[in-house]
Amino acid sequence: MLEFIQLLKQRYQTILQQAHLESAKAVYRHRIDQLLLAEAFLRKGALIDSKPLPPLQIAVVGPTQAGKSSLVNVLLQSDAAGVSPLAGYTVHPQGFCHRVRREDCSGLQRYFGRFQQLLPEQLSKDRHDCFALSEPGAHSLLLPECVLWDTPDFDSIDSSTYREGVIRTMALADVIVLVVSKEKYADQSVWDMMSVLEVLRQPTVICLNKLSEGSEALIVHSLKEKWLLARKDEFPEVVPLYYDKQSGLPVWPEAQRSLLSQLAAQVSYKKHARYEQELLQYYWPQWLEPVTQEHQALRDWHQLLDQTIKQALDNYQRDYLNHPHHYETFQVAMAELLTLLEIPGLAGILAGTRRALTWPVRQLMKLGRKKTLLTDASHEVALLNQIAEHALLQMTDKLRDKAEEHQQRLWWKDMGALLRSRRQELLAGFDGAVKHYHQTFQQDVESAAHRLYRKLQEQPLLLNSLRATRATTDAAVIALTLHTGGIGVHDLVIAPSMLTVTSLLAESAIGSYMHSVEADLKRNQLHQVKQALFVEALRDKLVALPQQLSALAHFNITPEQLQEAENHLKEKRHGLRLL
């Protein structure tokens, strides 16, 4: 699941860069933040499952200039956190080990992934993919044993550059300390962030900083209203922080000295796997919306393919298999039967005479014996290539129509451009497949002839009659050829020997058997043309075409990838832990 979330996040980030998504950029940025949070929360699950158990993590979060770093120093009772009156001074997550050794936090580097762990003095404002971890050495009564995190703001103009570090730290936290000032507590960015964090179920406290005398009650009431609008869980405890002029720091109330220790006691990792599942299920429909739209377009594409292939097969049957003048395959089988009917004594004489004939007849008489096929002169070959070309042209027109009217306009537009660019390649591959089919199908043609010949052998009188007819009409063919200069393969059906033998067979006792052989040949031919040509050489190539769409503009997550992820999403405990 972690791998799928990372893949989805990467696709969102890539597509976000495309100019055509200007209207959707805000939505996509928001989803990227959610995916970052989910990815980090899954990583936390792996950290919890590791040995030894990681220390408690407390994160201080809030908008710019709310006083987060100052509060960190108050809680640590030290000056470890850097403080500045300038907005955006803290741009890296900085963890302070309170009564915890840095060695006990080795799992944090695995959790932060590509972020590099450094010491505070090694941090650079020019690099944001890092975090700091240090041991201030102080011992504070306000904190339990923990790693206390000072985080960058999440609402300034520049926060987008270091926002990932903030999100990772918030997902890591077992306890959230939200710091707001009387100037910033009503900002929508604060409550948008707190709404996102609700599904993590973290114990939370709100620190109301920079208070002046008499303003606390009014602001707390407004805070509660904001909380209840943003979240459904119980309004947390509020810690009022008044400014101490002597120290320059806010003062933590004595009555709430043990508050963070009490919140820490509420932390339980037993339900983390369930919380992971709830987080993913909550956001899943939103995240997958553009992916499912692509899948719908893909289903429409497959439907269009099926309709086109069906139409192509119908055209093949109408214009070839069932056409009274164009269907030549069974006549080729009959030519093979003529060869089998040769009378032993006359065979040599006729064969010698044939060698003197023009090219078409020489090639024609070689059918079956030397397995030579007139592929280039075949009406079937030409027709199949015409049908394929017409099918691709039809699909190009339909893609153009869908690009004008469909919800996924860009997907259909890019598919149309891709089909046009691959058209000649597809047709060349189809032509090669047609020629290969035409050659290999000769075995079926020969088999049909041999079936007829074996049937004739069961009736010697009919066989001898056909042999006699074959000898006389074959001489007639030779005479005709010498006068006309040869015949072509398309004229095979009107050759005298073919007409005579076919008529005799049709009127004989095996006439129905001959028609049965012809019907079987047609069925086999239709099956092979459908499977080898229109399915394997055309449809399968077109089915794979969407995978070649640019990953810069499309999610290109397959239905199989999504189904596998959704299967994991339905699993119970540890079903999401594919780390």
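Predicted model, so just to flag it, every value in this text is computed and none were measured. (Residues numbered from 1 in each chain as written. Predicted model: local features only at pLDDT ≥ 70, side-chain atom pairs only at ≥ 80, totals over all residues. Heavy atoms only, no water.)

Of the regular secondary structure elements, the protein holds 20 helices and 9 strands. Among the 579 residues that make up the protein, the fraction classed as buried is 52%. Restricting the contact set of the protein to residue pairs at least 6 apart, pairs at least 24 apart contribute 80%. When the accessible surface of the protein is summed, it comes to about 27200 Å², and 52% of that surface belongs to carbon and sulfur atoms. (Helix = DSSP H or I, 4+ residues; strand = E, 2+ residues; numbered from the N terminus. Buried < 20%, exposed > 50% of the residue type's maximum accessible area, 1.4 Å probe, protein only. Contact = heavy atoms within 4.5 Å. Areas by Shrake-Rupley, 256 points an atom, 1.4 Å probe, with all protein chains shown as cover.)

This part takes up the sheet that holds strand β6 (residues 175-181). Sheet architecture is open: 9 strands sit in the order β3-β4-β2-β5-β1-β6-β7-β8-β9, paired in mixed fashion. Pairing within the sheet leaves two strands with one partner each, and these edge strands are β3 (116-118) and β9 (249-251). Sheet twist, expressed as the mean angle between neighbouring strand axes with direction ignored, is 25 degrees. Sheet topology note: the strand β7 (residues 204-211)/strand β8 (residues 238-244) ladder contains 4 bridges and is parallel. Among the inter-strand pairings, isoleucine 206 is bridged to a residue of β8, identified as valine 238. Packed on one face of the sheet, helix α3 (residues 68-76) meets β1 (57-61), β2 (94-98), β5 (146-150), β6, β7, β8 and β9 and runs near 155 degrees to β5. Packed onto the sheet, helix α7 (residues 216-230) meets β6, β7 and β8 and runs at close to 140 degrees relative to β7. (Pairing = 2+ DSSP bridges. Axes fitted to C-alpha atoms, helices over the stretch in contact; angles between N-to-C directions.)

Turning our attention to the nonpolar core. Within the largest apolar cluster, 76 residues are counted, with the highest numbers of intra-cluster contacts made by Ile5, Leu8, Trp149, Leu223, Trp284 and Trp287. Of all the elements, helix α2 (residues 25-49) adds the most residues to this core, at 10 residues. Excluding residues within four positions of it along the chain, isoleucine 5 makes contact with Leu35, Ala38, Glu39, Leu42, Leu280, Trp284 and Trp287. Counting residues in each nonpolar core, the second largest holds 58 residues, with Leu341, Leu419, Leu427 and Leu538 among its members. (Core = buried A, V, L, I, M, F, W, Y, C linked by side-chain atoms within 4.5 Å.)

What follows is about helix α20 (residues 559-569). Within α20, burial applies to Leu562, Ala565, His568 and Leu569. Considered in projection along α20, the buried side chains sweep an arc of 120 degrees and stay on one side of the axis. Buried positions along α20 lie against α1 (2-16), α9 (272-287) and α10 (289-321). (Arc of directions from axis to C-beta.)

Moving on to the environment of asparagine 209. Note that asparagine 209 resides in strand β7. By relative accessible area, asparagine 209 is classed as buried at 5%. Taking C-alpha positions, asparagine 209 is 9.3 Å from valine 251, a pair spaced 42 residues apart along the chain. If we ignore the near neighbours within four places in the chain, the residues touching asparagine 209 are Ala66, Gly67, Val179, Val180, Ser181, Lys182, Leu241 and Pro250.

So, on to the pattern of salt bridges. For the coordinates displayed, the defined rule picks out 23 salt bridges. A salt bridge links glutamate 389 to arginine 423, with the nearest nitrogen and oxygen atoms 3.1 Å apart. Of this pair, glutamate 389 sits in helix α14 (residues 379-405) while arginine 423 sits in helix α15 (residues 409-440), and the two are 34 residues apart along the sequence. Residue glutamate 389 is classed as partly exposed on the basis of its relative accessible area of 35%. According to the relative accessible area criterion, arginine 423 is buried, its value standing at 17%. Look at the salt bridges and you will find they share partners, linking Lys9, Glu39 and Arg43 into a network. (Salt bridge = Lys/Arg side-chain N within 4 Å of Asp/Glu carboxyl O.)

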